[in-house]
Amino acid sequence: MSDFRSHIAVIDYGMGNLHSVAKALEHVCPGAKVSITADPNVVEDADRVVFPGVGAIRDCMGEINRLNVGDVVNQAMKAKPVLAICVGMQALMQRSEENGGVDCLGLLPGEVKFFGDNLIDDQGGRLKVPHMGWNNVEQSIDHPLWQGIEQNSRFYFVHSYYVAPADPSYIAGRCNYGPNFAAALSHKNLFAVQFHPEKSADAGLQLLRNFCNWMG
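This structure is a prediction, so every number in the text was calculated from the model and none was measured.

Novice: Would you mind going over the overall build of the protein with me for this structure?
Specialist: Secondary structure summary: the protein contains six helices and 14 strands in total. The globule rule puts the C-alpha radius of gyration for 216 residues at 17 Å, and the 16 Å found for the protein is close to it. The dimensions of the protein, computed from C-alpha atoms along their principal axes, are 50 × 40 × 30 Å. In the protein, which comprises 216 residues, the proportion classed as buried is 53%. Across the protein, every contact between residues at least 6 apart in sequence was considered, and the portion connecting residues at least 24 apart equals 70%. Counting every atom, the protein has about 9,700 Å² of accessible surface; 44% of that belongs to carbon and sulfur. Treating the 17 positive side-chain charges of the protein as one cloud and the 23 negative ones as another, the clouds have centres 1 Å apart.

Novice: Even after reading the chapter, I still don't get helix H3 (residues 57-66), so can you show me in this structure?
Specialist: Think of an α-helix as turning once every 3.6 residues; residues three or four places apart then point the same way. Along H3, the residues classified as buried are Ile57, Cys60, Met61 and Ile64. For H3, the arc enclosing every buried residue in end-on projection is 95 degrees, short of the 170-degree limit, so these residues lie on one face. Where H3 is buried, its residues meet strand E3 (48-51), helix H4 (69-79), helix H5 (87-91), strand E5 (95-96) and strand E6 (102-103).

Novice: Explain the UniProt feature "domain: Glutamine amidotransferase" (unreviewed entry) in the protein here, please?
Specialist: UniProt's feature table lists "domain: Glutamine amidotransferase" (unreviewed entry) at residues 10-211, given in the numbering used throughout. Secondary structure content for residues 10-211 is 27% helix and 30% strand, while the C-alpha to C-alpha distance between its ends is 13 Å.

Novice: Before we go on, may I ask you to explain the pairing of strand E4 (residues 82-85) in this structure?
Specialist: In summary, the side chains of a regular strand alternate between the two faces of the sheet. Here E4 shows two buried faces, one formed by Val82 and Ala84 and the other by Leu83 and Ile85. Here three bridges tie E3 to E4, and the two strands are oriented parallel to one another. Of the residues in E4, the one forming a bridge with valine 49 is valine 82. Here E4 runs beside strand E14 (residues 190-193); their pairing, made up of four bridges, is parallel. Of the residues in E14, the one forming a bridge with alanine 84 is alanine 192.

Novice: What exactly am I supposed to notice about the UniProt feature "active site" (unreviewed entry) in the protein here?
Specialist: According to UniProt, the feature "active site" (unreviewed entry) maps to Cys86, His196 and Glu198 in the numbering used here. The largest pairwise C-alpha distance within this set of annotated residues, which runs over 113 residues, is 11.2 Å, so the set is compact in three dimensions. Considering only the residues just annotated, the largest pocket is lined by Cys86 and His196. With residues near it in sequence (within four places) discarded, cysteine 86 still touches Gly53, Val158, Val193, Gln194, Phe195 and His196. Not counting chain neighbours up to four residues away, the residues in contact with histidine 196 comprise Val54, Ile85, Cys86, Tyr156 and Val158.

Novice: Got a minute to help me understand unusual backbone geometry in this structure?
Specialist: In terms of backbone geometry, most residues other than glycine have negative phi values and most peptide bonds are trans. In this chain, valine 129 is followed by proline 130 through a cis amide linkage whose omega measures 15 degrees. One non-glycine residue, cysteine 86, lies in positive phi territory at about 55 degrees. Mapping cysteine 86 onto the fold places it in the loop between E4 and H5. The class of cysteine 86 is buried, set by a relative accessible area of 3%.

Rules of the game
Residues numbered from 1 in each chain as written. Predicted model: local features only at pLDDT ≥ 70, side-chain atom pairs only at ≥ 80, totals over all residues. Heavy atoms only, no water. Helix = DSSP H or I, 4+ residues; strand = E, 2+ residues; numbered from the N terminus. Rg over C-alpha atoms; globule rule 2.2 N^0.38 Å. Buried < 20%, exposed > 50% of the residue type's maximum accessible area, 1.4 Å probe, protein only. Contact = heavy atoms within 4.5 Å. Areas by Shrake-Rupley, 256 points an atom, 1.4 Å probe, with all protein chains shown as cover. Lys, Arg positive; Asp, Glu negative; His and termini not counted. Charge placed at Lys NZ, Arg CZ, Asp CG, Glu CD. Arc of directions from axis to C-beta. UniProt positions renumbered as here; feature names shortened; annotations may be inferred. Pairing = 2+ DSSP bridges. 1 Å grid on protein atoms, 1.4 Å probe; cavity = no way out; pocket = protein on both sides within 12 Å on 5 of 7 lines; lining within 4 Å.

Structural data, given as structure tokens:
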């Protein structure tokens, strides 16, 4: 059996696909305790933390701020492995263009940008927004969470906005949908992904399995 510590907290602020994430973690981490929780004490006691999110960033940030989730995530990032997913990844940045501009947590330098209404592919064809469905991810660094996942594997995306980090060295994976954008970020104990690993078949499950084994 893999040598991973056994308690994973999935932060619940009412804006994530929490049960799908939890079920996927239970599947790839047999014997692990997976807690869906908003209790900062439970998050503090956990060995690993998942920060998910779906929906509009203004609504997400409203609940994140109301429940003081930002401090919980910030403290977790200093002490243990953290995986941020989709809007959870976007919420880490300084600001989002969504809804005319929304302040985010500012835990990583950079912005969240809109794909635009006139998105064109390499052949001049129009691309639909949101970016929805399967797309290839180029692994731009060697990282433990990419272990066992082939280069340019396909992951499942649903988003109209993408992260533009101020420091390109944070980018762990790239995807192309009109522009090249950051599909994954890595910084110290944090790994963040724009795609949904819980919906990404074998590659996504392998990434979650790697997270269960990652010591940060």
